[in-house]
Every structure is written in C-alpha cells, then in structure tokens.
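Secondary and tertiary structure notes
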Amino acid sequence: MADEPNRPIAPRIKTTRQPALLERIGGREVIERVVDGFYDQVEADEELRPLFPEDLGPGREKQKWFLEQWLGGEPLYSQRFGHPRLRRRHFPFVITERSAGRWLRHMIQAFRDQGVDEPEIAEIVAVFGPMAKHMVNADEDVPRDPIGDIFLT
Ligand code: HEM
C-alpha cells in the first residue's frame, strides 16, 4: 500500500496447479487407446502373456478405470473396488523384476504410440517406474490366492 512503504510485498502465491495430466494427454479417449495398445502388446508378449488371465477383457476395463483416476480424472476405479492396494492385488501373479521391466516398456510404448508428449510420459514414468518395481513379488512368501473384485478399504 502507498502509505506503508516498508510493507513487504505479499509473496506471490505459488500456483503450480496445472491441468491434470489426464487433460494434458488428451482425456479418456486417449486412455482407452493407450490401455488397448498396452494389452495388445501384452497379448503378443510370450513372456508376459502367461502371467495374465485367459480373458483379458476385465483387466483392460479395470486398467482404464484405474489410469483415468490416477491421472486426475473421476475415481472410477475406487468407486468400484475401493482402495487400489495394487501390491496386494498383484500377489496372485508371480512378478519378477524382468517381467516388471517388460510391463513398464509396454506401458511407455503404449503412451508413445498414442502421441503423448515426452514430458508427460516422463511424469508418468517417474511414478510408474518405481511402482512397477514395487510390484515385484516373485521371491516373496505372499498369499497367492486370487482376491477377486472385493472392495478394499
Ligand atoms: C505401475 C505399475 C502397475 C500398475 C499401476 C498396475 C495396475 C493394475 C491394475 C489397476 C490392475 C487391476 C487390479 C484389479 O482390480 O484386479 C492390474 C492387474 C494386473 N496387473 Fe498390474 N499394474 C502395475 C504393474 C504390473 C506389473 C509389473 C505386472 C506384471 C509384470 C502386472 C500384472 C498385472 C496382472 C497380471 C493383472 C491382472 C489382470 C487381470 O485381472 O486381467 N502389473 N494392474
């Protein structure tokens, strides 16, 4: 204010808010195409395919709901299944470090194939890289029983 010369300038409120990643990568339609592409790659991957259930349909849908939610969209996954608890939900699948690496490469490729820009891909990989590693459970004595579609809290 003019009559308070020593008044410190109000710090600019740092608005690092940016549109959610979902919007920046092109929304729901792009997610659908990314997940379809990803699953097509899994289907063609002789090493990874046996890890997945025979019917890839339900997993495809879940992955679309999850990704949309994770990228800042509607909580479509949690509305249906509760907390993702992904490590627990992956226990029925024996995941090695090698298969986690392949999973991640297919996912990155699927985003690239849909024309998602590299900065956005880098943001996704910064989280998905460690998360994919975190799913590795091959040498662990964890419960392998399928937990189905139960709602976890
Ligand atoms: C960033 C890491 C990952 C994320 C975000 C992720 C996400 C998901 C989600 C949301 C589901 C559905 C869970 C459910 O409700 O049943 C799922 C299922 C599954 N994931 Fe992952 N996953 C990751 C890493 C991996 C890795 C590394 C593997 C194996 C190499 C893997 C293999 C599977 C399999 C086999 C299923 C079951 C699919 C089905 O039921 O059709 N995932 N994953």
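Being a predicted model, the structure only gives us computed values, none of them experimental.

1. Details of the site of the ligand
Of all residues adjacent to the ligand, which total 21 residues, the nearest are Lys62, Tyr77, His90, Phe93 and Trp103. Between the ligand and His90, the relevant distance is 2.8 Å, taken from a nitrogen atom to a side-chain nitrogen or oxygen of the residue. In this structure, a nitrogen atom belonging to the ligand sits 3.1 Å away from a side-chain N or O atom of Trp103. Among the secondary structure elements, those contributing two or more residues to the shell around the ligand are helix H3 (57–70), helix H5 (86–89), helix H6 (97–113) and helix H7 (118–134).

2. Concerning H7
For H7, which comprises 17 residues, the first-to-last C-alpha distance of 23 Å matches the rise-based estimate of 24 Å (1.5 Å per residue) to within 8%. Where H7 bends most, at Val125, the angle is about 30°. All of the buried residues along H7 are Glu120, Ile121, Ile124, Phe128, Gly129 and Ala132. Looking at the buried positions of H7, the neighbouring elements they touch are helix H1 (21–25), H3 and H6.

3. Focus: unusual backbone geometry
At Arg85, a position not held by glycine, the phi torsion is positive, near 35°. Along the chain, the position of Arg85 falls in the loop between helix H4 (76–81) and H5. For Arg85, a relative accessible area of 37% puts it in the partly exposed group.

Conventions we followed
- Residues numbered from 1 in each chain as written.
- Predicted model: local features only at pLDDT ≥ 70, side-chain atom pairs only at ≥ 80, totals over all residues.
- Heavy atoms only, no water.
- Near = heavy atom within 4 Å.
- Polar contact = N/O pair within 3.5 Å; in protein donor to acceptor, adjacent residues only side chain to side chain.
- Helix = DSSP H or I, 4+ residues; strand = E, 2+ residues; numbered from the N terminus.
- Expected span 1.5 Å × (residues − 1).
- Bend = angle between axes of the 7 residues up to and from the residue.
- Buried < 20%, exposed > 50% of the residue type's maximum accessible area, 1.4 Å probe, protein only.
- Contact = heavy atoms within 4.5 Å.

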